[in-house]
Amino acid sequence: MRIAVVGPGALGSLMAAMLHQAGQEVVLVDYRPERATRLDREGLLLRTPEGEARRVRVPVRLASEAGPASLVVVAVKTPATAAAARLLPELLTPGGLVLTVQNGLGNLERLAQAAGWERLLAGVSFLGATRPRDGEVIFAGRGPTFIGPAPGARVSPEELEAVAELFRQAGLPCEVRGNIETMLWEKLLVNVAVNPLTALLRVRNGVLPQLPPAWEVALAAAREAQAVAGAQGLALTLDPESRLREVCAATAANLSSMLQDVLSGRETEIAALNGEVAVRGAALGVPTPVNTLLTRLVAALTLARAHQVV
Ligand code: KPL
């Protein structure tokens, strides 16, 4: 199976490097020509959880040069989903599968606009990956990735299992789940709490539970998201506080993806996380004052960069 991984960020680079090492025919798709040429020439520097550093020579191409693939893994940050969706017609073989492993809500809808729902898979990944600079990726944690059919997809159980097996053979734990929408929301609950607060306060995930005023805000954001999920018919049975404590402990040393974005001056995923909770809450009549405020504060943080005195 020829695989294209779109997005040379932390998760995309990690997946492409691991699949390539496992002998899969994989191409990493970048949108910046000069970076694609450099990464293709130099390879990716992969730092493993065992502390080794390896150069992995994954082909890196622009979408126009990547050639069609029967599996396209979308791993771009959410502000780039619409742009990635526009690449799908030229990247995908007829009948090929599209798998998103992105955070947040709204990605499936955007990808479906370009490629339809029939061959769309959703993924939720708990892999720990950090990209300190372009072309270098730290494999920080072997958490599982769950995949499942998007609503309305026509994908056989054998096809789903074959995709999961590709990841497993590459050393990336992967399981097929029928309730992928629930899993997306359960991850969202964590992201709306941990990501904006660690980004605003510039702390590692493990510090958040030690800061009571911030912790209360994080819990309130997660509970609002749970109420919105409930109002749209998705009863999430997890206890937000215990789940957040677990994730902050398991990823204590991580810089959240939003903090990494803020530190690198990149646009954040706040709109697809807390912003989506606020928008969906408003449509359903569920108040979301904490998510609304966090959305505005993180958006303001990005704008304030140009004016900061220190
Ligand atoms: O998904 C994450 C992120 O940073 O986006 C968590 C789970 C919070 C780990 O850092």
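Just so it is clear, the structure is predicted and the values come from calculations on it, not from any experiment.

A short note on the overall build of the protein chain
- Counting secondary structure elements, the protein chain contains 12 helices and 10 strands.
- What you see for the protein chain is a C-alpha radius of gyration of 19 Å, in line with the 19 Å of a compact globule of 310 residues.
- With respect to the three principal axes, the spread of C-alpha positions in the protein chain is 50 × 45 × 35 Å.
- Within the protein chain, buried positions represent 52% of all 310 residues.
- For the protein chain, contacts bridging at least 24 residues in sequence account for 69% of all contacts bridging at least 6.

Notes on the environment of Ala249
- Tracing the backbone shows Ala249 in helix α9 (residues 240-250).
- Expressed as a C-alpha distance, the spacing of Ala249 and Val207, which sit 42 residues apart in the sequence, is 9.2 Å.

Some points on the pairing of strand β2 (residues 26-30)
- Taking burial as the measure, the five residues of β2 include five buried ones, the bulk of the element.
- Because side chains alternate across β2, one face comprises the buried residues Val26, Leu28 and Asp30, and the other comprises Val27 and Val29, equally buried.
- Of the pairings in the sheet, the one linking strand β1 (residues 3-6) to β2 comprises four bridges and is parallel in character. Within β2, the position partnered with Ile3 by the bridge is Val26.
- Following the backbone out of β1, through helix α1 (residues 10-21) and into the adjacent parallel β2, one traces a crossover that is right-handed.
- In this structure, β2 lies alongside strand β5 (residues 60-62), joined through three bridges in parallel fashion. Following the sheet pairing, Val29 is matched in β5 by Arg61.

Regarding the site of the ligand
- All residues in the neighbourhood of the ligand are listed as Asn103, Lys187, Asn191, Val194, Asn195, Asn205, Val247, Asn254, Ser256 and Ser257.
- The separation between an oxygen atom of the ligand and a polar side-chain atom of Asn103 is 3.2 Å.
- Within the side chain of Asn195, one N or O atom sits 3.1 Å away from an oxygen atom of the ligand.
- For the ligand, whose free accessible area comes to 280 Å², the fraction covered by protein is 88%.
- The dominant element in the shell around the ligand, judged by the number of residues it contributes, is helix α7 (residues 180-201), at four residues.
- Residues of the shell around the ligand, tallied by class, amount to two nonpolar, seven polar and one charged.

Some points on helix α6 (residues 157-169)
- Relative to the 18 Å expected for 13 residues at 1.5 Å per residue, α6 spans 18 Å between its end C-alpha atoms, a close match to the ideal helical length.
- All of the buried residues in α6 are Leu160, Val163, Ala164, Leu166 and Phe167. Buried residues of α6 fall within an arc of 150° about the axis and therefore sit on the same side. More than 90 degrees from the buried face of α6, the exposed residues found are Pro157, Glu158 and Gln169.
- Of the residues one or two after α6, Gly171 is the one with positive phi, at around 85°.

A few points about the domain arrangement of the protein chain
- By the assigned domains, the protein chain splits into domain 1 (2-177) and domain 2 (181-307).
- A straight line from the C-alpha centre of domain 1 to that of domain 2 covers 24 Å.
- Taken together, the contacts link 20 residues of domain 1 with 19 residues of domain 2.
- Summing the contributions of domain 1 and of domain 2, the shared interface buries around 1,800 Å²; its carbon and sulfur component is 57%.

The rules behind these values
- Residues numbered from 1 in each chain as written.
- Predicted model: local features only at pLDDT ≥ 70, side-chain atom pairs only at ≥ 80, totals over all residues.
- Heavy atoms only, no water.
- Helix = DSSP H or I, 4+ residues; strand = E, 2+ residues; numbered from the N terminus.
- Rg over C-alpha atoms; globule rule 2.2 N^0.38 Å.
- Buried < 20%, exposed > 50% of the residue type's maximum accessible area, 1.4 Å probe, protein only.
- Contact = heavy atoms within 4.5 Å.
- Pairing = 2+ DSSP bridges.
- Right-handed = clockwise from strand over helix to strand, strands pointing away.
- Near = heavy atom within 4 Å.
- Polar contact = N/O pair within 3.5 Å; in protein donor to acceptor, adjacent residues only side chain to side chain.
- Areas by Shrake-Rupley, 256 points an atom, 1.4 Å probe, with all protein chains shown as cover.
- Nonpolar A, V, L, I, M, F, W, Y, C, P; charged D, E, K, R; others polar.
- Expected span 1.5 Å × (residues − 1).
- Arc of directions from axis to C-beta.
- Domains from an automatic or database assignment.
- Buried area = accessible area lost by both parts, 1.4 Å probe.

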